[in-house]
Amino acid sequence: MAAPPDPDLLHPIAGTTRTVFLRPLLALSPQVTNVTAGAYSYYHDHEDPRRFLDVCVRYNFGIGRLSIGRYCAIAHRATFLMPAANHAMAGPSTYPFAIMGGAFAEALALADYPWRGGGDITVGHDVWLGTECLVLPGVTIGHGAVVGARAVVTQDVPPYGVVAGNPARLAHRRFDAATVDRLLEIAWWDWPAERVARAIPALVRGDVAALRRA
């Protein structure tokens, strides 16, 4: 059997530059320390996937973290809204006066605004994010989950759940609870790539029993 693909190759698919592995792409921007991605997770863009941090990770001013697991498939312009996108809502106005400078900034420092905040975004392993979906701050997407195209994810998605719509709702679960528990126990995404390669028939068209045998 041939060697597995190199997870640190920027463009893993021969003949196209529209797909990138995220881990080597993020390594090209070492100043961005709050966005991480695991091996073999990729992003596809119809124009330029190298702009992932610019067009898909919005309002990233270093507040909060975006963590993407291994073997994730992220479609064109799936977007992560970082916590800094939120405005203060405690008073009558949500306008961020301080960022405009001058007397607006002197009146109340930005650090003193009662920000709504929002937590980190966590994407598990083997997650498929559909075209132009939007993930809001504080959301955790479980392992093996699927997010439909243009879904707006405002709350956590369970492992192996399928969500769609605006706001995203759980459409169904890919497997029953017992099977999900077994898959989480197996955690194939933690295996060495060579073992994953041997298990691909079971991963793609098999079942838990076949995966255990693999």
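Refer to the structure printed above.
Each chain carries its own residue numbering, running from 1 in the written order of its sequence. This being a predicted model, a pLDDT of at least 70 is required before a residue's local features are given, and a value of 80 or more before pairs of side-chain atoms are given or counted; all residues contribute to the totals for chains, interfaces and linings. The side-chain figures draw on all heavy atoms in the structure; neither hydrogens nor water molecules are used.

**Quick word on the sheet that holds strand 11 (residues 140–141)**
Our working definition: When DSSP finds at least two bridges between two strands, those strands are taken to pair. Think of it this way: any DSSP run of H or I at least four residues long counts as a helix, any run of E at least two long counts as a strand, and we number them from the N terminus.
Here we have 4 strands laid out as an open sheet, ordered 2-5-8-11, and parallel in their pairing. Looking at which strands have only one partner, the edges of the open sheet turn out to be strand 2 (35–37) and strand 11. The sheet contact formed by strand 5 (residues 66–68) and strand 8 (residues 121–123) spans 3 bridges and is parallel. For Leu-66, the partnering residue across the bridge sits in strand 8 and is Ile-121.

**Section: the pattern of salt bridges**
Selection criterion: Each salt bridge in this description consists of a side-chain nitrogen of Lys or Arg and a carboxyl oxygen of Asp or Glu lying within 4 Å of one another. Residue exposure (1.4 Å probe, protein chains only): buried if accessible area is under 20% of the type maximum, exposed if over 50%, otherwise partly exposed.
If you walk through the whole model with that rule in mind, you get 7 salt bridges. Between Arg-50 and Asp-48 there is a salt bridge, and its shortest N-O distance comes to 3.0 Å. Here Arg-50 falls in the exposed class, since its relative accessible area comes to 53%. A salt bridge links Arg-150 to Glu-132; the shortest N-O distance between them is 2.7 Å. Highlighted residues: Arg-150 in the loop between strand 12 (146–147) and strand 13 (152–153) and Glu-132 in the loop between strand 9 (128–129) and strand 10 (134–135), separated in sequence by 18 residues.

**A word on the environment of Thr-17**
Put simply, the rule reads: The contact criterion used is simple: two residues touch if any of their non-hydrogen atoms lie within 4.5 Å.
Looking at the secondary structure, you find Thr-17 in the segment before strand 1 (19–21). Sequence separation of Thr-17 and Arg-50 is 33 residues, and the distance between their C-alpha atoms is 9.0 Å. Once you skip the residues sitting within four places of it in the chain, Thr-17 turns out to touch His-11 and Pro-49.

**Some words on the nonpolar core**
Cut-off, in case you're wondering: Here, nonpolar core refers to any group of buried Ala, Val, Leu, Ile, Met, Phe, Trp, Tyr and Cys residues whose side-chain atoms link them within 4.5 Å.
Within the largest apolar cluster, 34 residues are counted, with the highest numbers of intra-cluster contacts made by Phe-52, Ile-68, Phe-80, Leu-129 and Ile-141. Discounting residues that sit within four places of it in the chain, Ile-68 has contacts with Leu-22, Thr-36, Ala-37, Gly-38, Ser-41, Phe-52, Ile-74, Phe-80 and Val-123. One finds Val-180, Trp-191, Ala-193 and Val-196 within the second-largest nonpolar core, a separate group that totals 19 residues.

**Looking at the layout of surface pockets**
Stated formally: Grid points spaced at 1 Å and placed over the protein atoms alone form the basis of the search, with a cavity being a set where a 1.4 Å probe fits but cannot get out and a pocket an open set showing protein on both sides within 12 Å along at least five of seven lines. Lining residues have an atom within 4 Å of a point. Grid points are joined across faces, edges and corners, and a volume is the space filled by probe spheres set on the points. When residue character is reported, Ala, Val, Leu, Ile, Met, Phe, Trp, Tyr, Cys and Pro are called nonpolar, Asp, Glu, Lys and Arg charged, and the others, Gly included, polar.
What the largest pocket holds in volume is close to 540 Å³. If you go around the largest pocket, you meet 23 residues; those closest to its centre are Asp-126, Arg-174, Trp-188, Leu-203 and Val-204. Put simply, the parts of the chain that give the lining of the largest pocket at least two residues each are helix 4 (177–186), helix 5 (193–205) and helix 6 (208–213). The greatest single-element share of the lining of the largest pocket, amounting to 6 residues, is contributed by helix 5. Grouping the amino acids of the lining of the largest pocket by side-chain chemistry returns 16 nonpolar, 3 polar and 4 charged. Surrounding the second largest pocket, 14 residues form its lining, Phe-61, Ala-84, Asn-86, Leu-110 and Trp-115 being those nearest its centre. Grouping the amino acids of the lining of the second largest pocket by side-chain chemistry returns 11 nonpolar, 3 polar and no charged.

**Points about the pairing of strand 14 (residues 161–164)**
As paired elements, strand 12 and strand 14 share 2 bridges and run parallel to each other. Directly across from Val-146, in strand 14, lies its bridge partner Val-162. As defined by bridge partners, strand 14 adjoins strand 15 (residues 169–173) across 4 bridges and the pair is classed as antiparallel. Bridge pairing in strand 15 places Ala-164 opposite Arg-169. In textbook terms, the turn of a hairpin is the stretch between consecutive antiparallel strands, and for strand 14 and strand 15 this stretch comprises 4 residues, one of which, Gly-165, has a positive phi near 100°.

**What to know about helix 4**
Going by this rule: The directions from the helix axis to the C-beta atoms form the arc being described.
When helix 4 is considered as a whole, its buried residues turn out to be Thr-179, Val-180, Leu-183 and Ile-186. Within helix 4, the buried residues cover an arc of 125° as seen down the axis, which keeps them to one side. Exposed residues pointing more than 90 degrees away from the buried face of helix 4 are listed as Ala-177, Asp-181 and Glu-185. Residue Ala-187 follows helix 4 closely and has a positive phi angle near 45°.

**Brief notes about the sheet that holds strand 13**
Pairing is parallel across the open sheet formed by 4 strands, whose spatial order is 4-7-10-13. A single partner strand is all that each edge strand has here, and the edge strands are strand 4 (57–58) and strand 13. With 2 bridges connecting them, strand 4 and strand 7 (residues 79–81) associate as parallel partners. Following the sheet pairing, Arg-58 is matched in strand 7 by Leu-81.

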